[in-house]
Amino acid sequence: MLIEIRDTLLNLLFPRRCPICDEPVKFGKGLICPPCLTRISYLDSPTCLKCGKKLHNEAEYCQDCAARSHSFDRGMALFEYQSIAGAIYRFKYKGRHEYADFFGSEICGKLGEDILRLKPDCLIPVPIHAKRLRTRGYNQATALAKVISERLNIPLNEKIIRRVRPTKPLKNLNLQERQNNLKKAFKIERNDVKLNTIIIIDDIFTTGSTIDAMSEELRRIGVKKVYFVALSIGKY
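Residues numbered from 1 in each chain as written. Predicted model: local features only at pLDDT ≥ 70, side-chain atom pairs only at ≥ 80, totals over all residues. Heavy atoms only, no water.

(A) Helix α8 (residues 209-220), seen in detail. Over its twelve residues, α8 extends 17 Å from the first C-alpha to the last, a length consistent with the 16 Å expected when each residue adds 1.5 Å. Among all positions of α8, only S209, T210, I211, D212, A213, M214, S215 and L218 are buried. G222 sits one or two residues past α8 and shows a positive phi near 100°. (Helix = DSSP H or I, 4+ residues; strand = E, 2+ residues; numbered from the N terminus. Expected span 1.5 Å × (residues − 1). Buried < 20%, exposed > 50% of the residue type's maximum accessible area, 1.4 Å probe, protein only.)

What follows is the structure in structure tokens.
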């Protein structure tokens, strides 16, 4: 109730923009323009039992997960990337961190039961390098994780792992280049916190290189189960 009251007051003072068309949403119409709901594609079954990518056959795993192992246990996502590519671009690079309210609430509504069933000790957003954080002003994964944490009452931990090396954008790199790009990119900052099960939060999942790199570091300090929740999954 308090969250709804807060969101209503903020929307009165600062009309939010629709995450799909980027036009102001009329007051009382929610977090997205109603017609824009038809323009986005939610992932549906069947999906890969490992990473959550959409399957187009009767296999249990996608081609990528069948060909190589991952350091995480399992993952899930909400949208097919192509249907919200523009929204994610603005969310990351154009200051539209307000989109996190819609994205986070949709994750909780569609995937909340699955997330809670994992009984995570905390959520960990994928960190960005300090230089990029200063330039961008915020971390979109943290903005997303905060909404999920607040709505599902799961602790958020931003301090346990840090990105210590700036990395190149992954979208133009092949699998081997992505893996090399992320070597020694993350460092555990606190190893005095005992965590058995964590969920990594990110905006896009493609090959899993980032999630794998983080998972390897987290397992070194005793984390037994590493899952991820991504806003979207893209084809590689």
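Moving on, there is more to tell.
(B) A look at the environment of N191. Mapped onto the fold, N191 is located in the loop between β4 (186-188) and β5 (197-205). Here the alpha-carbon distance between N191 and I160, two residues 31 residues apart in the chain, equals 7.2 Å.

(C) Local environment of helix α3 (residues 85-93). Taken residue by residue, α3 has A87, I88, R90, F91 and K92 as its buried positions. Buried residues in α3 make contact with α4 (99-117), α5 (130-136), α6 (140-152), β5 and β6 (225-233). (Contact = heavy atoms within 4.5 Å.)

(D) Region of interest: the nonpolar core. Ranked by size, the top nonpolar core spans 36 residues in total, and within it F103, I107, I115 and L231 carry the most contacts. Those elements that place two or more of their residues in this core are β1 (74-80), α3, α4, α6, β5 and β6. Counting 30 residues, the second-largest nonpolar core is a separate cluster that includes A77, F205, V223 and F228. (Core = buried A, V, L, I, M, F, W, Y, C linked by side-chain atoms within 4.5 Å.)

(E) Region of the structure containing the packing of α4 against α6. Close contact between α4 and α6 brings their axes to 9 Å; oriented N to C, the two are set at 50°. In terms of axis orientation, α4 runs oblique to α6. Helix-helix and strand crossings are classified by hand; for α4 and α6 the assignment is right-handed. Residue-level contacts link A100, D101, F103, G104, S105, I107, C108, G112, I115 and L116 of α4 to A143, L144, V147, I148, R151 and L152 of α6. Taken together, the residues of the contact of α4 with α6 break down into eleven nonpolar, three polar and two charged. (Axes fitted to C-alpha atoms, helices over the stretch in contact; angles between N-to-C directions. Parallel < 35°, antiparallel > 145°, perpendicular 65-115°, else oblique. Left-handed = near helix turned anticlockwise from the far one by under 90°. Nonpolar A, V, L, I, M, F, W, Y, C, P; charged D, E, K, R; others polar.)

(F) Spotlight on the confidence of the model for the protein. Mean pLDDT for the protein: 89, with 88% of residues reaching 70 or above. Mean pLDDT across the elements of the protein ranges from a minimum in helix α1 (residues 2-13), with 62, to a maximum in strand β2 (residues 122-125), with 98. (pLDDT = per-residue confidence, 0-100.)

(G) Seen up close, the pattern of salt bridges. What the rule picks out here adds up to twelve salt bridges. In this structure, R90 and D22 form a salt bridge, with 3.9 Å as the shortest nitrogen-oxygen distance. Of this pair, R90 sits in helix α3 while D22 sits in the loop between α1 and α2 (63-67), placing them 68 residues apart in sequence. With relative accessibility at 17%, the residue R90 sits in the buried group. Accessibility expressed as a relative area gives 16% for D22, which makes it buried. (Salt bridge = Lys/Arg side-chain N within 4 Å of Asp/Glu carboxyl O.)

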